[in-house]
Amino acid sequence: MNKIFINIKKIVVTSTIFFATLSSPLNANPKVLKIGAIPDQNQEVLDKRFNLFAKELAKTLDVKVKYIPVINYVAAVTGFRTNDLDLVWFGGLSGVQARLQTPNAIVIAQRDIDKEFKSVFIVNKKLKLDSISNKNGLKKLKNLRFTFGSENSTSGRLMPEYYLNDAGIKIENFKGKRVGFSGSHDATIALVNSGAFDAGALNKQVWENNLKNNPKRTKNVNLFWITPDYVDYHWVAQGNLDNRFRKGFTKELKSTILNLDIKNKENKKILDMFNAKKFIEAESSDYKNIEVIARKLKKIR
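Figured I'd write up the structure that's included with this text. (Residues numbered from 1 in each chain as written. Predicted model: local features only at pLDDT ≥ 70, side-chain atom pairs only at ≥ 80, totals over all residues. Heavy atoms only, no water.)

Orientation of helix H3 (residues 43–61) relative to helix H11 (residues 249–258), taken along the N-to-C sense of each, is 125°, at an axis distance of 10 Å. Put simply, H3 runs oblique to H11. Viewed along their axes, H3 and H11 form a crossing whose handedness is right-handed. On H11, the residues that touch Phe53, Leu57, Thr60 and Leu61 of H3 are Phe249, Glu252, Leu253, Thr256 and Ile257. (Axes fitted to C-alpha atoms, helices over the stretch in contact; angles between N-to-C directions. Helix = DSSP H or I, 4+ residues; strand = E, 2+ residues; numbered from the N terminus. Parallel < 35°, antiparallel > 145°, perpendicular 65-115°, else oblique. Left-handed = near helix turned anticlockwise from the far one by under 90°. Contact = heavy atoms within 4.5 Å.)

This is the structure:
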């Protein structure tokens, strides 16, 4: 009971901080560029990445830039819709959701790896399941305890569920006729590694980073399947930034992101945190198939 109370208290406190931040004087200042991101990893990782990114934008664009953390994917979409966030790092699904709710939103850029992104399915080693070569092998996951990441994650929920369905597997085919939602890619690894869940799906890039940098987190986990390619993360900006800052500001912002150079020491730190070699051009049309799949799975109505 105490543990439940503590968890509820943490949620209330976190929510209070989030909404207090969005209503602060800094947030109300039209000359502060407020950036956000979906919380797809541990907050410590996100804070380091986006505060460094904000510092680079502030230096290059000569404006105040503030990174504002959010509590979940829905809060990122909502913060963008209500103009409390100006520039947000969205996944494929959350970006589509945000743009559908926010007139004149502009897709700014994506990473080089986002053109051909992938998810992975992982399993606990105790199951002794061999990796599979195609989606039909996903049937081996039937009647197991399975977890996705966030409910609104592209690589941790939308695309994995799409491939499961394509292989003839529905949510009711898992143990208890339900699945878990860990909340983030790191949490999915932790839950499968601990044995709390038998299997899960997540972002391939996060999986590979943990294999390389945190072997203890993956010691009880095997890679089961790698999905085909799809498009994923991207920067989305409000359409009124030129009016709020100066003429041509949106173009300057886009140029700053696209011109981050891995040969530059400071830029390399940022790109490494994004697991990218560079940012590239992106268009809203790139994400049309994500929208089609999201509507099919009733994540967009």
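Turning our attention to the nonpolar core. Within soluble globular proteins, side chains that are nonpolar tend to cluster in buried spots. Membership of the largest hydrophobic core comes to 74 residues, with the highest contact counts inside it found for Leu138 and Leu141. Broken down by element, this core gets its largest block of residues, six residues, from H3. Core analysis: the second largest hydrophobic core is formed by eight residues, Ile122, Val192, Val206 and Val221 among them. (Core = buried A, V, L, I, M, F, W, Y, C linked by side-chain atoms within 4.5 Å. Buried < 20%, exposed > 50% of the residue type's maximum accessible area, 1.4 Å probe, protein only.)

Here the focus is the side chain of Thr102. Among the secondary structure elements, Thr102 is positioned in the loop between helix H5 (92–101) and strand S4 (106–111). Take Thr102: its relative accessible area is 4%, and that puts it in the buried class. Sequence-distant contacts of Thr102, that is, excluding residues within four places in its chain, are made with Phe80, Arg81 and Gln238.

A word on the pattern of salt bridges. Tallied over the full model, the rule gives 15 salt bridges. Among the salt bridges present, the one from Asp166 reaches Lys135, with a minimum N-O distance of 2.5 Å. Of this pair, Asp166 sits in helix H6 (residues 154–166) while Lys135 sits in the loop between strand S5 (119–124) and strand S6 (146–148); the two residues are 31 residues apart in sequence, bridging distant segments of the chain. The shortest N-O distance in the salt bridge between Glu208 and Lys204 comes to 2.6 Å. A residue pair is termed a helical-turn pair when its members lie 3 or 4 positions apart in one helix, as Glu208 and Lys204 do in helix H8 (residues 204–213) at four residues. Taking the relative accessible area as the measure of exposure, Glu208 reaches 38% and is therefore partly exposed. Bridged by salt links that share partners, the residues Lys288, Glu291 and Arg295 form one connected network. (Salt bridge = Lys/Arg side-chain N within 4 Å of Asp/Glu carboxyl O.)

Buried residues dominate S5, accounting for six of its six residues. Here S5 shows no split at all, with Ser119, Phe121 and Val123 on one side and Val120, Ile122 and Asn124 on the other all buried. Here S5 runs beside strand S8 (residues 199–203); their pairing, made up of five bridges, is antiparallel. Note on S8: the bridge partner recorded for Val120 is Leu202. (Pairing = 2+ DSSP bridges.)

Under the definition given, this model contains one cavity of 30 Å³ or more. Asp40, Gln41, Arg49, Trp89, Arg111, Asn203, Gln205, Val206 and Tyr233 are the residues that line the largest cavity. Here the residues of the lining of the largest cavity are counted per class, giving three nonpolar, three polar and three charged. (1 Å grid on protein atoms, 1.4 Å probe; cavity = no way out; pocket = protein on both sides within 12 Å on 5 of 7 lines; lining within 4 Å. Points joined across faces, edges and corners; volume = space filled by probe spheres on them. Nonpolar A, V, L, I, M, F, W, Y, C, P; charged D, E, K, R; others polar.)

Next up on the list: the environment of Leu87. Relative to the helices and strands, Leu87 resides in strand S3 (residues 87–90). Owing to a relative accessible area of 0%, Leu87 belongs among the buried residues under this scheme. The spacing of Leu87 and Ile108 is 21 residues in sequence and 9.0 Å in space, taken between C-alpha atoms. Those residues within four positions of Leu87 in sequence are excluded, and the remaining contacts are Lys34, Ile35, Gly36, Phe53, Leu57, Ile108, Trp235, Val236, Ala237, Leu253 and Ile257.

With the rule as written, the count across this model stands at 22 aromatic pairs. Ring geometry for Phe53 and Trp235: centres 4.6 Å apart, planes at 10°, overall stacked. Taken as a pair, Phe53 in helix H3 and Trp235 in strand S10 (residues 234–237) lie far apart in primary sequence, 182 residues in all. Considered together, Phe53 and Trp235 belong to a single accessibility category, that of buried residues. (Phe/Tyr/Trp six-rings, centres within 6.5 Å; stacked < 30°, edge-to-face > 60°.)

Here the focus is the side chain of Thr147. Position of Thr147 relative to the elements: it lies in strand S6. On the basis of relative accessible area, Thr147 is assigned to the buried category, the value being 0%.

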